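# Understanding the architecture of this molecule
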Amino acid sequence: IVEDTQCQLAMERNMKTWMISKTAKSILSKMIGIGLATSMVFVGATTTVYAKKITLHGASQFDETHSYTRLMRRFEELTKMYYNGPDELEFVMHLNSELGLEKDYVAYMNQGISVDYAVASPSHMSTFSQMATLMDPPMLFRDPAHWSKVLTSGVFGPIEEDIYKRADIKIIGYGGGGIRHLIVNKPVSNMSEISDVPIRVMGAPIQTQLFNAFGMAPSVIAYSEVYNAIQTGVIDAAENEAAGIQQMKFYEVGPNISLTAHSITVRPLAVSGKTLRSLPEDLQAAIIQAGKDAGAYGRVVEMTEGQGILTKLESEGKLKTVNFTERQKLIDAAMPVLEEFFADNDAADLYKAIQAIK
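Anyway, here's the lowdown on the structure attached to this text. (Residues numbered from 1 in each chain as written. Predicted model: local features only at pLDDT ≥ 70, side-chain atom pairs only at ≥ 80, totals over all residues. Heavy atoms only, no water.)

## Describing the side chain of Q207
Within the secondary structure layout, Q207 lies in helix α8 (residues 205-213). With a relative accessible area of 3%, Q207 lands in the buried category. If near-sequence neighbours (up to four positions away) are discounted, Q207 is found in contact with S123, D136, P137, P138, V201 and M202. (Helix = DSSP H or I, 4+ residues; strand = E, 2+ residues; numbered from the N terminus. Buried < 20%, exposed > 50% of the residue type's maximum accessible area, 1.4 Å probe, protein only. Contact = heavy atoms within 4.5 Å.)

Structure below.
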């Protein structure tokens, strides 16, 4: 009996030891599991926060060959080069007016949807900021050298601030450089020959005012409708730089290019303020620097290639260039209109500052 009792007690002690051991193992297993789960959550959080993919959408009215598209491609390349953060960058370019026209891109950037960056005419930014139209009205710049110095001088700072405040669009660089001429369905070479000629102009009121001052009959027509408007006789003329004439084939309906050189384009590269502020600070800095450098590249491309495009098209028999013999009269007509326009926008000092740059 004693032996049986001692054996039973030993068995109970062993059983208790086994149960304690099992419980300990269970607790340890759970602790390890919690640790692993915590580790996995931590790793997952690290991946989400610090190594995500950022996709930015650009838009162009044109194909890959156009100077504006090439400027944006350079911007994409430089942003990737300048950014050293952990995030993966992806750029998606919507070409050939897939997302509409420049005025649409401006509206999208303002809302922070669909388009994160684009090249757009200042006229299309005037929906939000009237000061935007002060950047490139006809006859503002004396010559290409003056235009280049203005764009690198910082004198447009007050305009950039107003656009950012009112449109929530950040200008990060300046393209352009195209010298705009008249596209006409008949040869015109002087003031009397352009008198009362119906011409398409961009939507900014200053454009209408200046072409009225030139003695023409301006009307606002969407860029995509210009070809048909000339073809059907709604207008007899338009105005554009060489790249646009080539891309849109305006020479087919307006084969006479009157060399008025009435404007040198300023085409800001802009990014949505909402998009920019949502990005890491180091990526914001890379974007701003890339925009500045890409703009310089775009200006060189357009300025140097413009005349070559016209020469090539003329040699192919697609258009005929006509010398405009009274350009000084265009300048004389424009000066009082420009002075009044800047004054009406409380920017008389800005006009003086632009003209003072030598």
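Now that the structure is up, let's keep going.
## Thoughts on the packing of aromatic side chains
One pass over the structure, following the stated rule, counts 10 aromatic pairs. Here a set of aromatic residues connected by ring pairs shows up, and it is made of F62, Y68, Y223 and F250. The side chain of R74 reaches across the aromatic face of Y297, ending 3.9 Å from its centre. Positioned over the ring face of Y164 is K170, at 5.5 Å from the centre of the ring. (Phe/Tyr/Trp six-rings, centres within 6.5 Å; stacked < 30°, edge-to-face > 60°. Lys NZ or Arg CZ within 6 Å of the ring centre and 35° of its normal.)

## What to know about the packing of helix α2 (residues 67-82) against helix α12 (residues 281-315)
It is the contact of α2 with α12, at a shortest axis distance of 8 Å, that shows an interaxial angle of 145°. Relative to α12, α2 is oriented so that their crossing is right-handed. Among the residues forming the contact of α2 with α12, the class breakdown is 12 nonpolar, 6 polar and 5 charged. (Axes fitted to C-alpha atoms, helices over the stretch in contact; angles between N-to-C directions. Left-handed = near helix turned anticlockwise from the far one by under 90°. Nonpolar A, V, L, I, M, F, W, Y, C, P; charged D, E, K, R; others polar.)

## A word on the pattern of salt bridges
In this structure the tally under the stated criterion is 15 salt bridges. The salt bridge partner of E239 is R180, with a shortest N-O separation of 2.8 Å. With E239 in strand β7 (residues 237-240) and R180 in strand β4 (residues 169-184), this pair connects stretches of sequence that are 59 residues apart. A residue is classified by how much of its surface remains accessible, and E239, at 3% relative accessible area, is buried. Looking at R180, the relative accessible area reads 4%, which means it is buried. (Salt bridge = Lys/Arg side-chain N within 4 Å of Asp/Glu carboxyl O.)

## What to know about the pairing of strand β5 (residues 198-201)
In terms of strand pairing, β5 meets strand β6 (residues 217-220) through 4 bridges, oriented parallel. The partner of V201 across the bridge, within β6, is V220. Crossover connection from β5 via α8 to parallel β6: handedness right-handed. (Pairing = 2+ DSSP bridges. Right-handed = clockwise from strand over helix to strand, strands pointing away.)

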